[in-house]
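Report on the structure
These are the residues of each chain, in order.
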Amino acid sequence: MSAIETWGEMVRVEHAQSDRMRGERPADHWSRDAPSFKANPHRQGDPVVENLRSRLVPGETLLDVGAGGGRLALPLALTCSSVTAVEPSPSMCAVLRETAREHDIQNVSIVEAGWPEAPVEPADVTLCSHVVYVVEDIEPFVRKLDSHARRLALAVVFQFPPQSQMYALWEQVHGEQRHALPSLPQFVPVLDELGIRPEITELDAQPVMGFGSYEDARDAIARRIYVHPDTDAMSRLDRALDQSLTDAMSRLDRALDQSLHEHDGVWRIDGAQPVRPCIVSWQPTSP
């Protein structure tokens, strides 16, 4: 298979496994977690923000694809003349609007749509941060990023899939290997097939995912591996499913007893590897 075909197959296989465990996909996947993506636009010491800002020319326009709650769009708006934030999640858009109001940032416009159908004009710089992992049809997605950049295209991608720190727990609870989403090692060959020769900048690895308490960790991990009562497949009033949930949570508790430990007030999964964000940049190929 080509790199593009391999990418699409990895996303399809992972999504099929997730759907089987989770049940029907929620209309807004981020409705519960969106508030956790709120961040101060004036924060200091964020290596991703600082690296991206160093690549911008003051007064340029920016197109942030999959902007989420504005963790990058809003601080970068302090450098740009205008930012267009494309984001399909209503709950994420609500967080972005709220944060922009709180900090009186008025040069960010929001397009509440997915990237393929988003009606947006080109910008000096296009940016896509931690979105490509779940994009099955990657070729048109990247080509639009490229064609809408006048000077520079940027993508922030982890070296490993974002949820890879939980793969071992998934296997202990569900009794099967977790299919991985594609990440940087698959993204670079995709770009190569599209005639894009990127520059890769590795940033410092981020700390292993941490939680404030055992209960917080158990709740968050249960949601992410789809054994929480709020997930569709586990919330139906069916005795078999109720028993399935009970059994799955028991397996999760046994796994957490062995692998989740506290140090300096933070609970982390033993053996989990830090993830390293990378900035992928390229000059647009479109005329």
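Above this text is the structure in question.
Residues numbered from 1 in each chain as written. Predicted model: local features only at pLDDT ≥ 70, side-chain atom pairs only at ≥ 80, totals over all residues. Heavy atoms only, no water.

1. A word on the sheet that holds strand β10 (residues 277-282)
For clarity, the cut-off: Whether two strands pair comes down to DSSP finding at least two bridges between them. The helix and strand labels rest on DSSP assignments: H or I over at least four residues marks a helix, E over at least two residues marks a strand, and numbering proceeds from the N terminus. Helix axes are fitted to C-alpha atoms over the stretch in contact, other axes to C-alpha atoms as well, and angles between N-to-C directions run from 0 to 180 degrees. Any two residues whose heavy atoms approach within 4.5 Å at even a single point are treated as in contact.
Reading across from one edge, β3-β2-β1-β4-β5-β10-β6 is the order of the seven strands in this open sheet, with mixed pairing throughout. Taken across any chain shown, the strands that pair with only one partner, and hence form the sheet edges, are β3 (108-111) and β6 (199-202). On average, each strand axis in the sheet is tilted by 20 degrees relative to the strand beside it, whichever way the strands run. The pairing of strand β5 (residues 149-158) with β10 spans six bridges and is classified as antiparallel. The residue of β10 that forms the bridge with F158 is P277. Across the face of the sheet, helix α2 (residues 47-55) comes into contact with β4 (123-129), β5, β6 and β10 while running at roughly 165 degrees to β5.

2. Notes on the pattern of salt bridges
How we decide: Think of a salt bridge as a Lys or Arg side-chain nitrogen and an Asp or Glu carboxyl oxygen that are within 4 Å of each other.
For the structure shown, the criterion picks out twelve salt bridges. Where E9 meets R12, a salt bridge forms, and the shortest distance between an N and an O atom there is 3.1 Å. In this pair, E9 and R12 both sit in helix α1 (residues 3-22), three residues apart, roughly one turn of the helix. Measuring nitrogen to oxygen at the nearest pair gives 3.5 Å for the salt bridge that ties R97 to E112. Of this pair, R97 sits in helix α4 (residues 90-102) while E112 sits in the loop between β3 and β4, and the two are 15 residues apart along the sequence. Linked by salt bridges that have partners in common, E9, R12 and E136 make up one network.

3. Side note on the side chain of S91
For the record, the criterion: We define a polar contact as two N or O atoms separated by no more than 3.5 Å, with the added condition that, inside protein, one atom must be a possible hydrogen donor and the other a possible acceptor, whereas residues neighbouring each other in sequence contribute only through side-chain atom pairs.
Mapped onto the secondary structure, S91 falls in helix α4. Of the polar contacts made by the side chain of S91, one reaches the side chain of S89; its length is 3.0 Å.

4. Examining the sheet that holds strand β7 (residues 210-211)
Taking strand neighbours across the sheet as the criterion, the three strands line up as β7-β9-β8 in an open arrangement whose pairing is antiparallel. Among the strands making up the open sheet, the edge pair consists of β7 and β8 (260-263).

5. A look at the pairing of β3
Where strand β2 (residues 82-86) and β3 come together, four bridges link them in parallel fashion. From the neighbouring strand, V86 faces β3, where its bridge partner is V111.

6. Section: the nonpolar core
Applied cut-off: To form a nonpolar core, buried Ala, Val, Leu, Ile, Met, Phe, Trp, Tyr and Cys residues must be joined to one another through side-chain atoms within 4.5 Å. For every residue, the accessible area obtained with a 1.4 Å probe (protein chains only) is divided by the maximum for its type, and the residue is called buried under 20%, exposed over 50%, and partly exposed between those limits.
If you look at the biggest cluster of nonpolar residues, it comprises 38 residues, and the most contacted ones within it are W115, F141 and F187. Mapped by element, the contributors of at least two residues to this core are α1, β1 (61-65), β4, α5 (138-147), β5, α7 (184-193) and β10. The greatest single-element share of this core, amounting to five residues, is contributed by β5. In this structure W115 touches L63, V65, V86, V120, F141, K144, L145 and H148, once residues within four positions along its chain are discounted.

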